[in-house]
Amino acid sequence: MTQINKLKILNDPIYGFIIIPNPFIYDLVQHPYFQRLRRISQMGLSYLVYPGAHHTRFHHALGCMHIMQKAIEVLRFKGISISEEEEKALYIAILLHDIGHGPFSHAMEHSIVEDVNHEAISLLFMNKLNEDFNGQLDLAIQIFKGEYHRKFMLQLISSQLDMDRMDYLKRDSFYSGVAEGNINSDRLIQMMTVVDDTLVIEEKGIYSVEKFLMARRLMYWQVYFHKTSLVAELILTKALKRAKELTQKGIVLPCSEPLLFFMQNKVEMDTFDNGTLDKFSQLDDYDIVSALKSWQTHDDFILSSLSKMIINRDLLKIKLNSEKFTKEEADGYIAAFSKLNNISLQEASYFVFKGKIKNQAYSKEAEPIRILKKDKTIEDVVEASDQLNLKALSKPVTKYYICFPKQLVEN
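One structure accompanies this document, and this report is about it. Worth saying up front: this structure is predicted, and the values here are computed from it rather than measured.

## Regarding the overall build of the protein chain
Step number 1: Secondary structure assignment for the protein chain yields 21 helices and 9 strands.
Step number 2: Taken over C-alpha atoms, the radius of gyration comes to 23 Å for the protein chain, in line with the 22 Å a tight globule of 411 residues would show.
Step number 3: Overall size of the protein chain, expressed as C-alpha extent along the three principal axes, is 70 × 60 × 35 Å.
Step number 4: When each of the 411 residues of the protein chain is scored for burial, the buried share is 55%.
Step number 5: Counted over contacts in the protein chain with a minimum sequence separation of 6, partners at least 24 positions apart contribute 71%.
Step number 6: Of the roughly 18,600 Å² that the protein chain leaves accessible, carbon and sulfur atoms contribute 51%.
Step number 7: Charged side chains in the protein chain number 50 positive and 53 negative. The centres of these two groups are separated by 5 Å.

## Digging into the sheet that holds strand β3 (residues 192-195)
Step number 1: In space, the 4 strands of this open sheet follow the order β3-β4-β7-β8, with mixed pairing throughout. The sheet terminates laterally at β3 and β8 (378-380), the two strands that pair on one side only. Across the sheet, the axes of successive neighbouring strands diverge by a mean angle of 45°, strand direction being ignored.
Step number 2: Sheet topology places strand β7 (residues 370-372) next to β8; 3 bridges connect them, and they run antiparallel. Pairing of Leu372 across the sheet is with Ile378, part of β8.

## Brief notes about the packing of helix α12 (residues 227-248) against helix α15 (residues 285-295)
Step number 1: Where α12 meets α15, the closest approach of the two axes is 12 Å, and the angle between their N-to-C directions is 70°. With respect to α15, the element α12 is oriented roughly perpendicular. Listed contacts from α15 to Leu236, Ala239, Leu240 and Ala243 of α12 are Ile288, Leu292 and Trp295.
Step number 2: Grouping the amino acids of the contact of α12 with α15 by side-chain chemistry returns 7 nonpolar, no polar and no charged.

## A closer look at a nonpolar patch on the surface
Step number 1: On the surface, Ile9, Phe17 and Ile19 cluster together to form a nonpolar patch covering roughly 330 Å² of accessible area.
Step number 2: Within the secondary structure, Ile19 sits in strand β2 (residues 16-19).
Step number 3: Overall, Ile19 belongs to the partly exposed group, its relative accessible area being 43%.

## Overview of the packing of aromatic side chains
Step number 1: Throughout the structure, instances matching the rule amount to 16 aromatic pairs.
Step number 2: Ring centres of Tyr33 and Phe125 lie 4.7 Å apart, and the angle between their planes is 65°; on these two criteria the pair is classed as edge-to-face. Of this pair, Tyr33 sits in helix α2 (residues 32-35) while Phe125 sits in helix α6 (residues 118-132), and the two are 92 residues apart along the sequence.
Step number 3: Exposure remark for Tyr33: the relative accessible area of 7% places this residue in the buried category.

## A short note on the packing of helix α13 (residues 257-264) against α15
Geometry of a packed helix pair, given as the angle between the helix axes and the separation of the axes.
Step number 1: Two elements in contact, α13 and α15, have axes whose closest approach is 9 Å; the angle formed by their N-to-C orientations is 80°. Taken together, the axes of α13 and α15 are roughly perpendicular relative to one another. Counting all contacts with α13, which are made through Pro258, Leu259 and Met263, the residues of α15 involved are Asp287, Ile288, Ala291 and Trp295.
Step number 2: Its residues assigned to classes, the contact of α13 with α15 comprises 6 nonpolar, no polar and 1 charged.

## Brief notes about the pattern of salt bridges
Step number 1: Applying the stated criterion across every chain, the model contains 21 salt bridges.
Step number 2: Ionic pairing is found between Asp132 and Lys128, a salt bridge with its closest N-O pair at 2.9 Å. Residue Asp132 and its partner Lys128 are located together in helix α6, separated by 4 residues, close to a single helical turn.
Step number 3: The buried category is assigned to Lys128, whose relative accessible area is 17%.
Step number 4: When the shortest N-O distance is used, the salt bridge between Arg370 and Glu367 registers 3.2 Å.
Step number 5: For Glu367, a relative accessible area of 41% corresponds to the partly exposed category.
Step number 6: A network of salt bridges, in which partner residues are shared, links Asp12, Asp167 and Arg171.

## A few points about unusual backbone geometry
Step number 1: One non-glycine residue with positive phi stands out, namely Arg313, at about 50°.
Step number 2: Within the element layout of this structure, Arg313 appears in the loop between α16 (301-311) and β5 (317-321).
Step number 3: You will see that Lys376, though not glycine, has its phi angle at about 75°, which is positive.
Step number 4: Inspection of the secondary structure assignment puts Lys376 in the loop between β7 and β8.
Step number 5: Under the relative-accessibility criterion, Lys376 is labelled exposed at 65%.

Basis of the calculations
- Residues numbered from 1 in each chain as written.
- Predicted model: local features only at pLDDT ≥ 70, side-chain atom pairs only at ≥ 80, totals over all residues.
- Heavy atoms only, no water.
- Helix = DSSP H or I, 4+ residues; strand = E, 2+ residues; numbered from the N terminus.
- Rg over C-alpha atoms; globule rule 2.2 N^0.38 Å.
- Buried < 20%, exposed > 50% of the residue type's maximum accessible area, 1.4 Å probe, protein only.
- Contact = heavy atoms within 4.5 Å.
- Areas by Shrake-Rupley, 256 points an atom, 1.4 Å probe, with all protein chains shown as cover.
- Lys, Arg positive; Asp, Glu negative; His and termini not counted.
- Charge placed at Lys NZ, Arg CZ, Asp CG, Glu CD.
- Pairing = 2+ DSSP bridges.
- Axes fitted to C-alpha atoms, helices over the stretch in contact; angles between N-to-C directions.
- Parallel < 35°, antiparallel > 145°, perpendicular 65-115°, else oblique.
- Nonpolar A, V, L, I, M, F, W, Y, C, P; charged D, E, K, R; others polar.
- Patch = residues over 30% accessible without salt bridge, like charges linked within 9 Å, V, L, I, M, F, W, Y side chains within 5 Å.
- Salt bridge = Lys/Arg side-chain N within 4 Å of Asp/Glu carboxyl O.
- Phe/Tyr/Trp six-rings, centres within 6.5 Å; stacked < 30°, edge-to-face > 60°.

Any link to function would need more than the numbers given here.
Printed below as a string of structure tokens:
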């Protein structure tokens, strides 16, 4: 049997060459669970606003692993001991940190899967892969769950300055063309070190941290919370909810078998077994898009209208405000739309809804980004910075939205 060369080199538009560091990582990347990420877009429906934003979670996961390699190199250079086993576990954990994402990321979590978040599903995938690979993910899972005694390892995977955020800001700004998100991840990684098992940034890297937080804030308002992608995701959630509602009433909708499974069954965390996981692993963006395409001609007014909106990018109107929209305003739109289309108020409420979004570039409640000062003291970046804007960045900003059909403006 010919031996496959598993030490592959991939080309990436952000970092140049990405090296798959060992044969086991190659086997993980080749696994169908991981290959599925090629069919899950990293930025959901943002391509309706930024046409270039078609990159995938597969791409992002490999990018995270690449900068994890750089971080380990820097920390070892600074005398932090990281064993080969720990290194391998860090690569596995960062590679699989997003493996539980469903199609179009968050729309799934709020519609056809009941209150099961992607982090929980990621862990289920990791446990299943651990069975398939005879316990080779033990340490990675321990680190991922925060149970390993070397706390800085979890910070590299999940914190306010982790490899995940560093890659997605740089990658999403590149593919969307929004230059404000472009951060200097090399500089940030060069400034990292570990003190008392905690990840810290050397004082001379403070401006890079400030730029990173600023970029994160701008990317949220300009890209992730862009009102068009926000309304598109909300419409998708409503369409899936409606589809599930009709399926539960016994109406058979044309869609793929894995999608049908989630619409017919109430899936919750405690019933999420290996069979369910297998079905979930067959779901991706393609199932959703092809379902929406066929639902456009369905005789249910709600389902067909919502599906057409996404497929043709003819969305609801969305208004943002710093004050809450009143119930009366929403009720007015619902009544008008119900009358216009001769549908019930309950059916009309699928097209009129309100809610809020919150943007906080830096949270004081979460574990802080720590700055190692020249006198060896350690300070929260907000205190260490001479920039007043960091204080502002740690204040949550809430905006309220209301969505309603465009015809109501025209009438």
